[in-house]
Amino acid sequence: GMEGINLDPRAAHVIAKNGDGSLRDSISMLEQAYREQGQNPITVDAVQSMLGLPNTIAISQAIAAICRDNDVATSIKIIRHIFAEGAKPQGVLKSAQQAIYQARIASQAPELLDTMGLSPEEREASEYLAGAPTARIQATWEALIRTIPTLKDSPLPEETLTMAIISTTQPK
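Owing to the predicted nature of the structure, the values given are computational and were not obtained by experimental measurement.

Q: Tell me what's going on with the nonpolar core, and back it up with residues and numbers.
A: Among the nonpolar cores identified, the biggest contains 34 residues, and Ile59, Ile63, Ile82, Val92, Leu144, Leu161 and Ile165 are the most heavily contacted of them. For this core, the secondary structure elements donating two or more residues are helix 4 (56-67), helix 5 (72-84), helix 6 (89-108), helix 7 (120-130), helix 8 (134-151) and helix 9 (157-166). Once residues within four sequence positions are removed from consideration, Ile63 is found in contact with Arg68, Ala96, Ala99, Ile100, Leu129, Thr140 and Ile165. With 11 residues, the next largest nonpolar core counts Ala11, Val14, Ile42 and Met50 among its residues.

Q: Let's hear about the side chain of Ser126: which residues, and what values?
A: Summarising the element assignment, Ser126 is placed in helix 7. Judged by relative accessible area, which is 0%, Ser126 ranks as buried.

Q: So, the pattern of salt bridges: which residues are in play, and what are the values?
A: Inspection of the entire model under this criterion finds four salt bridges. For the salt bridge of Arg10 with Asp8, the shortest nitrogen-to-oxygen distance reads 3.9 Å. For the salt bridge of Arg123 with Glu127, the shortest nitrogen-to-oxygen distance reads 3.1 Å. In this pair, Arg123 and Glu127 both sit in helix 7, four residues apart, roughly one turn of the helix.

Parameters at a glance
Residues numbered from 1 in each chain as written. Predicted model: local features only at pLDDT ≥ 70, side-chain atom pairs only at ≥ 80, totals over all residues. Heavy atoms only, no water. Core = buried A, V, L, I, M, F, W, Y, C linked by side-chain atoms within 4.5 Å. Buried < 20%, exposed > 50% of the residue type's maximum accessible area, 1.4 Å probe, protein only. Helix = DSSP H or I, 4+ residues; strand = E, 2+ residues; numbered from the N terminus. Contact = heavy atoms within 4.5 Å. Salt bridge = Lys/Arg side-chain N within 4 Å of Asp/Glu carboxyl O.

What follows is the structure, given as structure tokens:
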């Protein structure tokens, strides 16, 4: 790696994406990851954990459980596990939006998936979610968008976000 830092390219992608265009913020995140990891390789999982982001495959699976399989129990179990691992509600919201975006790319312009820096497992999760009905995926996206203004001030942010994700469930 550059200057002796062993950095997984996908971890670099997560840092760059979460730097929101600020080189200084991205460098600060890289320095923080280096301090936390020491001489160990800086992995995508370590960076996601440091930033309070969930495992992207897990969030795709939670959304697919609702949008594709109409399985509320599985979705809630996955989401609870994501929060138990230390993910923050804002990070889960961001990753959920990213998962839906990637699924739409997978269904509408699959050739662009190659440009998104996804691991084979992330690509597979995006393609699986893409198999859900477009209307369900769009409804989940809209539910997440409606959650943005209230999530930060919610007394129960994890529950608020979980309810947004499962809100598109079809009655049994």
